[in-house]
Each structure stands twice: as structure tokens, then as C-alpha cells.
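Examining the three-dimensional arrangement
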Amino acid sequence: MRLISQRTIRRLARRVWGTLFTLIIAIAVLVQLGREAFPLLDDYRNDISEILGKRLGVDIQVGGLVADWSGLKPKIILTDVYVATLQKEPIFNMSTVTAELGLIDSLLDFELRWHHLAFERFQATLKQAESGQWKIKNLAMKKTGESKFTIDDPLDIFLFGRRIQLNDVTFNLEYRTGHASVVNIPSITLENDRDFHRAVAAVGVVNEAGELDRHFQMVVEATGDPRDPDDFHSVGYLALKQFPMETVVAAFAGSHWEMQDDQVWGEGHRLDLELWFRGTTYSGMTLRGQLRSDGLPLDVPENVILPEGMAADISGRWHPNHGWNFVLQQMVVNWPEFQSPPLDVELRGGLKRPLAIAVEELDLKPWHDLTKKIGIMGEKPAGIINALAPEGRLHNIDIRLTGKDAGYFDLKAQLDRVNVHSFRGSPVVKKLNGFVSANALGGFVDIHNREGFSIAFPKVYAQPLEFETASGRVGWQIDTKTKTAYVNSNRLQFANGDEVANGYMHLRLPTVRDGREPHMTLAIGVEKAPLSVHRKFVPQTIPKNLHKWLGESIGEGTATNMAFTFHGSIKKNPKIKPSIQFSA
């Protein structure tokens, strides 16, 4: 049984072939009409510019228009293209724009598909906002969805044609710091094949002599629609070779320049960087690579020695809303005659966010020695740190930069067998374990020692006080107006087996030599201990005869409720002798 007759099949075939031939004839007529009409477009370039300008909300001036239709690829060449706002403020200009239309692709997709676009001598100014974002100066940004083509992301240009060539592109950069520079892009090649996109670019910076230095190369490949953040994914490679570091500092750390009156670039330094990245400017980016620098473009006092180079492996993430965090692995900083120990550092921050620094582990002594060599600290802080001469290790260090009123920084870290020496009569501490929280104006240490601890009061006791365990909190505060440091403690507990001592301490230490004497109040109590413990807690400041008598008269046995208090100056030859009490 036949479902379709031969007659029906022949009739259907005639209609299909008839429709196809009609379509071919229509396309041929369209092509022929286009070929005849295209050369006349130049007569209407002002009308075309006005209509296009009204549609885009800008003022467009075109010096010349040449149209040519060869085969199935119509071509339009625009010369001396100038785009400005309706108030005549310049946006960008181009010497030549060549657009080649993909006729077959346009008919299949029912929209214009440009087979090839070429821009020659494109010039524009990019301005950095206070938020850190860049945009074309005087160009009004459109909200997503307002138009099919939006300028919300640099990758949007992928959609303009199958192949886009930009030659001799110049961007004038205006930084939020007031600085300015010129970036020249000799060549950018963009390719667009449906959902696949690729960009290859090389960028140069014009130096002071007006010569072009090639410093930048980038390759980006992406899939999806750049106008849809959820459907766009990109990976890429970026290389900076001998890139001027001053432009990097001005772009990403603009506060460095705020105190400088003249907006001029500092002494030249160069940066080498290789990065592999994944992500977009909408959803954020992850990156990894290597970083090399020959110095820092910073203005520092004469006594400070700046490094000559820095090298590190870098990884991290950047997000437009959540800021950035970078990890510098095995970072080594080089000076003319020495270098820093290798260090792993995490940097966190963002625009309008304070810089935070995290270090997993730090050996104090070599870094203290390094700060003495480079002179990074001021005279007074250096004098205090050098007197304390810290040793040991810090773990899980977290530093956040703050304002002057908050002490400039906020430091938190775990202490591992830390030693500090005496500063103007302050205690000498050894094998300290615990937690420290500090800034330039004060802080505290929580003591958590379970495997030995030593504390010495050089003006009070001849020998250090040794204990098996120790706990408590010691805090300090620096009064910059009176130039005085105050040290206080809560209940401190020290133990050797069954022998347990509790104590409180208060120190008042002048931070300058102005005739004032350092004072200390120390109270120690022992509930039960051998009589021989007096040798540990009786101070050396009592008269020698009394000290000798105590040693000879006190025999063996157990003492209860022992108490010792010291109050007064800890200067070697005080104006007023301190008050000392001992009871048991």
C-alpha cells in the first residue's frame, strides 16, 4: 500500500526546487542591487552618520566613505572617523575603519555578521575612577539589557566580527592619582567563531624620549557569550617584560602618591611578570605565575636602603567586589650585599580596603638583623627593638594596616620559644610560648608555657626565675604624649611541680632619657613551698647583711603563705630607695 503517490512526490519536488531557484534568483538580484547601490553610499555618509549617532546617543563625524561589493563580501571603508558626546566632548577617533560583511552568515542568522573588521590608528583616553575601574573617558556606560551590545567588559568586542584587527592603537591613561601615561598597542587580533573567542595582543609604553618600548603580551581564549556572566569562561596568559613599575604602583596602590605634590614618575624600575589566569571580570579570576622586580619606585629617607631585586612565585585570586589575595611563595628580596631569607607571604586587600599580610612562619633573629641593616625603622623604634633583640619563631602571623589613631597596624601571631631582652629594666623572657596581639601603641601577650619558662628582673633578682609551666597575660601601652610605656599583667601563675607561685606586675618605663626613673610594682605569693625558696624570691636589692643573715638563719622545712612585694624605682642608683616587703 502506497502512502504517497508518485504524482504527489513530483509536485513536492517541483515546489522545493522552485523555491530554491527563486531564493537564488532573489539573492542574485539583491547582490546585483547592492553592487549598484554600494558606490553611492558616500553621497549619504552625513545622513548615515546622523542616524547612527542618534541611535547610539553620540555625535559621529566621518571624513570619507568608500563602498565596494566583490563576490558575496560587501566592504565598507570609513576614513577620519571621530566620535564625541552630544556636548562635543571627544570619546575616540580612528583614521580608517574597514568592515567586510559576511553575507551568507548574515542571511543564515538574520542579523549582520561581519567577516572582517579592521581599525587603524585608534585613539582614546582611559580614565581610572576612585573605585579603581577603568573606562573610556566621556563614554556613558549602558546598563546590561539596555542594548544588545553593551560595553560592560573589554571582552565584549569579541562579538563585533569573525576577525577583528586593530593596528597602531593608542590609549592615553589618566590615573586616579593624577599621573598620566601613554600606552601604544601595535597589534591586536581578535577572532570570533560562534561561542569560541580568542584575543592576541602586544602592548608598548611610550617612554620619556617618545620612543615605543614593547612590554606587554597577552593571549586570551574564551567560550560563551561575553554579555552573559554565567555563560562566559576564559583562560589566558599575560607577560610583562621590563614593564615600568611606577605605572603599576599608580594603578593599584595609588595612596603611595597622595603625599607627593608633583605628579611625576619616580626613578625607573622594571617588572617582569608571567601569569596564567582563568575567569572573567564579572566572576573574578584565579591566577598563578612568576614575579621578578629590580627594585621599588618608592621615595624613602636617605638612611633606608631599598632592595635591588625581588623574586617569587605568585598565585591568588581577584574579585571585583571581594578584593584580591595573592600568595608570594619562596619570596626572596635582594640588597647590594645581602638578601632576605625565603618567605611565603599572603597579601590581601582591595580598593578602599586595608592591606593585610599573612605569614605562616617567621624566624625573628634573621629578620631583626635584616631590619638593622636596611634602616627601615625610625631611630626610636629601632632603639627599642634592638634592645629587646627578639629571637624565636612566630607562627600564623596576620598583620592588617590601620590608621594612625589605631596604631598603624594590627599584629596577631602565635609565639614559639621566643626570647626578648630587657629594655630599661623590663623583664628578660626566654622560651615564651603563647599568643601576641599588638600595634605600635600597645598590645598583650597570653602566656601558655608547658615545657619550661624563664623570666628575669635584672634590677631585682640576680638570677632568672625558672619554672616548668607558666600562664597569664601581660599587656602594654605606649603614651606618645608623655613618652611613657606602661606594662601590666593579670594574675600570672608559675609552677615547679607542687610549688606554685602567683604574681602581678606593673611597670612604668620612660621611652626617652629625660631624667625620669623607671618604676616597677611586683607582687609574688606562694601558698606552700620549701624554706629554701627564699633564695629565689628574696631580691638582691636588700642590704647585703640582711641577705647573708637570711641565708644562714633559715634552715630546712616548709613555709606557707609566703609573700613578696617590690614597689619603686628599678634604676641602679635611684633617688628614692624602693619599698620591699617579705613575709611568710
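Residues numbered from 1 in each chain as written. Predicted model: local features only at pLDDT ≥ 70, side-chain atom pairs only at ≥ 80, totals over all residues. Heavy atoms only, no water.

Sheet analysis places strand E12 (residues 270-280) next to strand E13 (residues 284-293), joined by ten bridges and oriented antiparallel. Bridge assignment links Leu271 to a residue of E13, and that residue is Ser293. Two successive antiparallel strands, E12 and E13, enclose a turn made up of three residues. Here E13 pairs with strand E14 (residues 309-319) via nine bridges, running antiparallel. Each residue of the ladder has a partner; that of Gly289, found in E14, is Ile314. (Pairing = 2+ DSSP bridges. Helix = DSSP H or I, 4+ residues; strand = E, 2+ residues; numbered from the N terminus.)

Enumeration according to the criterion identifies 15 salt bridges in this entry. Two residues, Asp369 and Lys372, come together in a salt bridge whose shortest N-O distance is 3.9 Å. Of this pair, Asp369 and Lys372 both sit in helix H5 (residues 364-374), three residues apart, roughly one helical turn. According to the relative accessible area criterion, Lys372 is partly exposed, its value standing at 47%. Two residues, Asp514 and Arg516, come together in a salt bridge whose shortest N-O distance is 2.9 Å. If you follow the salt bridges from partner to partner, you end up with Arg163, Glu191, Arg198 and Glu221 in one network. (Salt bridge = Lys/Arg side-chain N within 4 Å of Asp/Glu carboxyl O. Buried < 20%, exposed > 50% of the residue type's maximum accessible area, 1.4 Å probe, protein only.)

What follows concerns H5. Three or more residues of H5 are buried, namely Leu364, Trp367, His368, Leu370 and Ile374. With its buried residues spanning 160 degrees around the axis, H5 presents them on a single face. Summarising the contacts, the buried residues of H5 are in contact with strand E16 (343-350), strand E17 (353-363), helix H6 (379-388), strand E18 (391-401) and strand E19 (409-420). Once H5 ends, the next one or two residues include Gly375, with phi positive near 65 degrees. (Arc of directions from axis to C-beta. Contact = heavy atoms within 4.5 Å.)

It is worth spelling out the packing of aromatic side chains at this point. The full count for this structure, using the stated rule, is eight aromatic pairs. Here the guanidinium or amino end of Lys373 rests over the ring plane of Phe338, the centre of that ring lying 5.1 Å away. The ring of Phe444 is capped by Arg473, whose NZ or CZ atom sits 3.8 Å from the centre of that ring. (Phe/Tyr/Trp six-rings, centres within 6.5 Å; stacked < 30°, edge-to-face > 60°. Lys NZ or Arg CZ within 6 Å of the ring centre and 35° of its normal.)

What follows is about the side chain of Ser234. By secondary structure assignment, the location of Ser234 is in strand E11 (residues 232-244). We classify Ser234 as buried; its relative accessible area is 3%. At 2.3 Å, the side chain of Ser234 and the backbone oxygen of Gly279 are in polar contact. (Polar contact = N/O pair within 3.5 Å; in protein donor to acceptor, adjacent residues only side chain to side chain.)

Looking at the secondary structure, you find Asp398 in strand E18. Placed 15 residues apart in sequence, Asp398 and Ala413 show a C-alpha to C-alpha distance of 6.4 Å. Within the local environment of Asp398, its side chain forms a polar contact with the side chain of Arg348, the two groups lying 2.8 Å apart.

Positionally, Thr558 belongs in strand E29 (residues 558-569). Given the relative accessible area of 54%, Thr558 is considered exposed. Between the alpha carbons of Thr558 and Pro530 there is a distance of 4.3 Å; along the sequence they are 28 residues apart.

A few words now on unusual backbone geometry. Although it is not a glycine, Arg121 adopts a positive phi angle of roughly 55 degrees. If you trace the backbone, Arg121 turns up in the loop between strand E4 (114-120) and strand E5 (123-128). Given a relative accessible area of 52%, Arg121 falls into the exposed group.

For soluble globular proteins, nonpolar side chains are generally found buried alongside one another. Within the largest apolar cluster, 96 residues are counted, with the highest numbers of intra-cluster contacts made by Phe457 and Leu522. Apart from residues lying up to four places away in sequence, Phe457 is in contact with Pro427, Leu465, Met505, Met520 and Leu522. (Core = buried A, V, L, I, M, F, W, Y, C linked by side-chain atoms within 4.5 Å.)

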